[in-house]
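Structural description and commentary
So you can see what is in the structure, the chains are spelled out below.
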Amino acid sequence: MGKTRMTVLDVRACVAGLRNQLLGARVANVYDLDPKTYLIKTAKGGEKVLLLLESGVRFHSTSFNRDKSNTPSGFTLKLRKHIRTKKVEEVRQLGVDRLVAFTFGAGDEAYHLVLELFAGGNIILLDHECKIISLLRTHTDEQSGAKTAVHETYPMNGQRENRKISMELLCSVLVKSVPHEKALLKDILTKDLDYGLALVEHAMLGAGIDMKRKLVDFNCSASSEDMQKLFLSLEEVDELISNLGAEGRAVPGYIVRRDNKEDSPYDDFAPVLLRQFQTKSIVQFDCLDKAMDAYFTVAEGQRIEQQKAQQQKAAISKVERVKRAHEASIQALQEEEARNYHKATLIEANLSDVDNAILVVNSLLSQGMDWGALKRMVKEEARKGNPIASLIHSLKLDTNQITLMLTFGLDYLGEEEQTAPVTTVDIDLGCNAYTNAQAYYSTKKKVAQKADKTIQSGDKALKGAERKAKEELKRVDTKTSIQLIRKTHWFEKFVWFVSSENFLVVAGRDAQQNELLVKRHMDKGDIYLHADIHGAAAHIVKNHTKDPIPPLTIAQAGLSCVCRSAAWDAKMVTSAYWVHPEQVSKSAPTGEYLSTGSFMIR
């Protein structure tokens, strides 16, 4: 998605289109979609209009429903307090800036909602004296020092007006930029004039000037051919802006695709077909408002799909982490089990040597030999080649243990194995070799039992994680943030069904709806049905053909009459009848009165 913000031209065109929709509409409610985006629900003549405002980005009506915040923000509550139930009295652009003001209510009860579409953006609520009541963000202008905050006065009438192009203005802009002669001409015009990049490119193409042309290569003399062509093209832009929405009609809208293919992504939107769009595929709309709704809805949809993909990836990743942790825990226990078994078999393979080492060390300790002297003695004997001393790797006398270096003898090795690796084994000096081996076997058994329990509990944890991940993925898949608003048909507020022969059957829910149904919706060619009991629901069958309504449809409508009458609940036997519209009247005989929902049948 290319374009992300509205230009001055877009603002002017969108204001012209929204005035027709919003002026006279009454605010029904206000919602926040996120901290920067708000939805104002309005109603006008039975038609609902949803106005979407995004701080710093856009404003337009929308035909799509979006997920709203569960709890309204403080700013939303302020808006509801001050503008709900009020009529939209004015929609206008302030000066030539990207500023739009919506006025709700009149006189001392008026409130203004200002949308800023530049820099960081803002949405500001003002009272009738233009004092700020609430806003999204407080800031201070670096150049003027003007503060935008609660209780400050907002300059509604102090916005800059458009400067019409003149040869003097164009020359001064270019001459002033001579020190930056290596800069692109289009960048200088965009920066110093009020048109924006899109209109500058449109004007340069009209003047036949290359987009990559630098100021140093451009003749800035007022009499030069280049200047004359550029000036005339900018005058055309001024006329284009002046005529845009001048008659109060909605301005057509265009969505520009990235290239000339009909299935290529959206890249831009505009109220006029600028010259740079001529080689690209275009989608046309009745007004810019609808074009922007379609453009940004696609962008939102793409963003939502990306968020869904990330959520799906996170859910799957969580299961993978649980699975990896479970596998790592089992592997660690299995490795510990194997180590204990290996040490036990090593002791069994070297029973006599282990017993001799235990006997020698215990004997020397019983003689009262110092621990340090014992360590030096073992080291010296090992250097001399003493087989028992050579087995001792270290002394852990503080825990009453020694560490031996053990290996399997040749009788334990296979035919292809000539040497076996040496393994260090901790030996308890308080036990003989056999008891030490049994201790390792016992530890191995406990670790194996722990591994089995870990496998069982891990399987449950993994299944639980997978179940949660599936639920999360289901929520992500079923949750739709943007839905096209379905138009509500007139008959949906009544009880209704479609007969087997495709005729619409409508019934009133109460006396008031019976009255409304007959007076407003019963036409020539329809039929009126009623159960033969007082207080039953009135039914009509809408005839969309030129032929009489078939008997099967009449029978189905009659069944509905009986089912929806008081006789059904009272288990009474009754019937239904039907008549033509001209036989139904609200005129009662002399001296009689027809209550609401009751009619005279002749």
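These figures come from a predicted structure and were not determined experimentally.

Topic: the side chain of Asp10
- Of note, Asp10 is situated in helix H1 (residues 8-22).
- At 2.9 Å, the side chain of Asp10 forms a polar contact with the backbone nitrogen of Thr7.
- Among residues more than four places away in sequence, those in contact with Asp10 are Lys3, Arg5, Phe269, Ala270, Pro271 and Leu288.

A look at helix H3 (residues 167-176)
- If you check which residues of H3 are buried, you get Met167, Leu169, Leu170, Cys171, Val173 and Leu174.
- Contact partners of the buried residues in H3: helix H4 (185-192) and helix H6 (225-243).

Quick notes on the sheet that holds strand S7 (residues 99-104)
- The strand order across the open sheet formed by 5 strands is S6-S7-S8-S9-S10, and the pairing between neighbours is antiparallel. Pairing within the sheet leaves two strands with one partner each, and these edge strands are strand S6 (88-93) and strand S10 (132-135). Within this sheet the neighbouring strands show an average axis-to-axis angle of 20 degrees, counted without direction.
- Bridge count between strand S8 (residues 111-116) and strand S9 (residues 122-126): 5 bridges; the pairing is antiparallel. By the bridge assignment for S9, Leu115 is matched with Ile123.
- Sheet strands touched by H1: S6 and S7. Its angle to S6, the strand with the most contacts, is close to 165 degrees.

So, unusual backbone geometry
- Notably, Thr85 is not glycine yet its phi reads approximately 75 degrees, a positive angle.
- Relative to the helices and strands, Thr85 is located in the loop between helix H2 (74-83) and S6.
- Of note, the phi angle at Asn502 is positive, near 70 degrees, even though the residue is not glycine.
- Its place among the elements puts Asn502 in the loop between strand S20 (495-498) and strand S21 (504-507).
- Judged by relative accessible area, which is 53%, Asn502 ranks as exposed.

Considering the sheet that holds strand S2 (residues 37-44)
- Sheet architecture is open: 4 strands sit in the order S1-S2-S3-S4, paired in antiparallel fashion. Whereas interior strands pair on both sides, the edge strands pair on one side only; in this sheet they are strand S1 (26-34) and strand S4 (58-62). Going from strand to strand, the sheet's axes swing by 20 degrees on average, the running direction of each strand aside.
- As paired strands, S2 and strand S3 (residues 47-54) are joined by 8 bridges and run antiparallel to one another.

Side note on the packing of H4 against helix H5 (residues 197-206)
- Taken N-terminus to C-terminus, the directions of H4 and H5 make an angle of 130 degrees; their axes are 9 Å apart at the nearest point. Judged by the inter-axis angle, H4 sits oblique to H5. For H4 against H5, the interelement crossing comes out right-handed. For the pair H4 and H5, the contacting residues are Leu185, Lys186, Leu189 and Thr190 in the first and Leu197, Val200, Glu201 and Met204 in the second.
- Taken together, the residues of the contact of H4 with H5 break down into 5 nonpolar, 1 polar and 2 charged.

Points about the pairing of strand S17 (residues 401-406)
- Bridge count between strand S16 (residues 392-396) and S17: 4 bridges; the pairing is antiparallel. Across the sheet, the residue bridging to Ser394 is Thr403, located in S17.
- For S17 and strand S18 (residues 423-428), the ladder comprises 6 bridges, and the chain directions are antiparallel. Looking at S18, one finds that Leu406 is bridged to Thr423.

Considering the pattern of salt bridges
- As enumerated under the stated definition, the model contains 23 salt bridges in all.
- Residue Arg275 pairs with Glu236 through a salt bridge whose shortest N-O separation is 3.2 Å. Placement of Arg275 in the loop between strand S14 (266-270) and strand S15 (282-285) and of Glu236 in helix H6 is noted, with a sequence separation of 39 residues between them.
- For Glu236, a relative accessible area of 44% corresponds to the partly exposed category.
- The structure contains a network of salt bridges with shared partners spanning Glu54, Arg58, Arg66, Asp293 and Glu300.

Description of the environment of Glu236
- Expressed as a C-alpha distance, the spacing of Glu236 and Ile165, which sit 71 residues apart in the sequence, is 9.8 Å.
- Separated by 3.2 Å, the side chains of Glu236 and Arg275 make a polar contact.

Side note on the nonpolar core
- Counting 76 residues, the largest nonpolar core has Phe59 and Phe102 as its most contacted members.
- When residues of this core are assigned to domains, at least three map to each of domain 1 (8-153) and domain 2 (167-285).
- If we skip the residues at most four places from it in the chain, Phe102 touches Leu22, Leu51, Leu53, Phe59, Glu90, Val91, Tyr111, His112 and Leu113.
- Counting 26 residues, the second largest nonpolar core, distinct from the first, contains Leu364, Leu391, Leu397 and Leu406.

Comments concerning the environment of Gly95
- Within the fold, Gly95 resides in the loop between S6 and S7.
- Remark: the alpha-carbon pair of Gly95 and Asn157, spanning 62 residues in sequence, is separated by 8.1 Å.

The rules behind each value
Residues numbered from 1 in each chain as written. Predicted model: local features only at pLDDT ≥ 70, side-chain atom pairs only at ≥ 80, totals over all residues. Heavy atoms only, no water. Helix = DSSP H or I, 4+ residues; strand = E, 2+ residues; numbered from the N terminus. Polar contact = N/O pair within 3.5 Å; in protein donor to acceptor, adjacent residues only side chain to side chain. Contact = heavy atoms within 4.5 Å. Buried < 20%, exposed > 50% of the residue type's maximum accessible area, 1.4 Å probe, protein only. Pairing = 2+ DSSP bridges. Axes fitted to C-alpha atoms, helices over the stretch in contact; angles between N-to-C directions. Parallel < 35°, antiparallel > 145°, perpendicular 65-115°, else oblique. Left-handed = near helix turned anticlockwise from the far one by under 90°. Nonpolar A, V, L, I, M, F, W, Y, C, P; charged D, E, K, R; others polar. Salt bridge = Lys/Arg side-chain N within 4 Å of Asp/Glu carboxyl O. Core = buried A, V, L, I, M, F, W, Y, C linked by side-chain atoms within 4.5 Å. Domains from an automatic or database assignment.

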